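# Observations on the three-dimensional arrangement
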Amino acid sequence: MSLFLANLAEHREVFARLDALSTIVAEASGAATASLRAGNKVMFCGNGGSAADSQHLAAELTGRFIKDRPPLAGLALNTDSSALTCIGNDYSFADVFVRQVRGLGRTGDCLVGISTSGNSANVLRAFEAAREMGITTIGFLGRDGGQIKALSDYAIIVPSDVTARIQEAHILIGHTLCGLVEQQLGLVEA
Ligand SMILES: O=C(CO)[C@@H](O)[C@H](O)[C@H](O)[C@H](O)COP(=O)(O)O
Ligand SMILES: [Zn+2]
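Residues numbered from 1 in each chain as written. Chains lettered and ligands numbered in written order. Predicted model: local features only at pLDDT ≥ 70, side-chain atom pairs only at ≥ 80, totals over all residues.

## Overview of the overall build of the protein
Spelled out, the test is: Only DSSP runs of H or I covering at least 4 residues are called helices, and only runs of E covering at least 2 are called strands; the numbering of each starts at the N terminus. With the radius of gyration taken over C-alpha atoms, the globule rule is written as 2.2 Å times the number of residues to the power 0.38. Comment: burial labels come from other C-beta atoms within 10 Å of the residue's own C-beta, placed from the backbone, where a count of 20 or more is buried, 12 or fewer is exposed, and between is partly exposed. The contact criterion used here is simple: two residues whose C-beta atoms, placed from the backbone, lie within 7 Å are in contact.
A tally of regular secondary structure across the protein gives seven helices and five strands. Counted from the first residue to the last, the protein has its helices and strands arranged as α-α-β-α-β-α-α-β-α-β-β-α. Computed over the C-alpha atoms, the radius of gyration of the protein is 16 Å, within 12% of the 16 Å expected from 2.2 N^0.38 for a compact globule of 190 residues. Dimensions of the protein, computed from C-alpha atoms along their principal axes, come out at roughly 50 × 40 × 30 Å. Within the protein, the proportion of its 190 residues that are buried is 41%. Summarising the internal contacts of the protein: among those between residues at least 6 apart in sequence, 68% fall at separations of at least 24.

## Topic: the environment of phenylalanine 44
You can see phenylalanine 44 is positioned in strand β1 (residues 42–46). On the basis of neighbour count, phenylalanine 44 is assigned to the buried category, with 29 C-beta atoms found within 10 Å. Considered as a pair, phenylalanine 44 and leucine 77 are 33 residues apart in the sequence and their alpha carbons are 6.1 Å apart. The contacts of phenylalanine 44, once residues within four sequence positions are left out, are Ser54, Leu57, Ala58, Gly74, Ala76, Leu77, Val112 and Ile114.

## Some thoughts on the site of ligand 1
Definition in use: We count a residue as near a molecule or strand when its backbone-placed C-beta atom lies within 6 Å of that partner.
In the region of ligand 1, the neighbouring residues are Asn47, Gly48, Gly49, Ser50, Ser115, Thr116, Ser117, Ser120, Thr163, Ala164 and Gln167. Secondary structure elements with two or more residues in the shell around ligand 1: α3 (49–62) and α7 (163–184). Broken down by element, the shell around ligand 1 gets its largest block of residues, three residues, from α7.

## Focus on the packing of helix α1 (residues 3–15) against α7
In helix packing, the relevant descriptors are the interaxial angle and the interaxial distance, both defined with respect to the helix axes. Heads up, the condition is: Lines fitted to the C-alpha atoms define the axes, with helices restricted to the stretch that makes contact. Angles between their N-to-C directions range from 0 to 180 degrees. Note that the term roughly parallel is reserved for angles under 35 degrees, roughly antiparallel for angles over 145, roughly perpendicular for angles of 65 to 115, and oblique for everything else. With the far helix as reference, a near helix turned anticlockwise by less than a right angle produces a left-handed crossing, and one turned clockwise produces a right-handed crossing. When residues are grouped by polarity, Ala, Val, Leu, Ile, Met, Phe, Trp, Tyr, Cys and Pro land in nonpolar, Asp, Glu, Lys and Arg in charged, and all others, Gly among them, in polar.
In the contact formed by α1 and α7, the axes pass within 10 Å of each other and the chain directions differ by 55°. The pairing of α1 with α7 is recorded here as oblique in orientation. In this structure, α1 crosses over α7, and the sense of that crossing is right-handed. Here α1 contributes Glu10, His11, Val14 and Phe15 to the contact with α7, which in turn contributes Arg165, Glu168 and Ala169. Within the contact of α1 with α7, the residues separate by chemical class into three nonpolar, one polar and three charged.

Laid out in structure tokens, this is it:
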């Protein structure tokens, strides 16, 4: 079997098991909508491919997703290279998100942390601070949810041990979250 067909088969197997996440995805989206409705923001963070997912999803909010509509307050914490290099260089890489959460986060915000292992230290520290600050935490996770699971108000765990397949599910879940937020805010038809 070609690698493409093998990956596709594995992808289908994982996606066939995502129905079970429908309720938690809807609940997490409701929390993000409540933050935006109250004038708060939704922050995203992640590493590597999940950094790309984080900035992709933040841009769905500030830019547009399904239809033309007012901009929404989305912010990716992994896109500011000056903040990442300053904090990483002067403190540690584990602090790159937590310092931004402490500086930019406000009670009532949401923080979406994307980690396939659920164990990235910088996401974990950001969630610890978010919890202290009254910021709702939404974990896009994989495997067994790792240490971030326990710090997630909404732990969305993709049932797979394969990083790439988990990432593929995360972007489906993230797009759904953006679509539900638009519906719940009455910006597009349900
Ligand atoms: O995109 C990929 C693999 O598909 C990689 O860049 C991957 O995101 C990186 O290894 C990350 O550092 C993994 O972190 P995490 O998902 O365990 O939090
Ligand atoms: Zn990747």
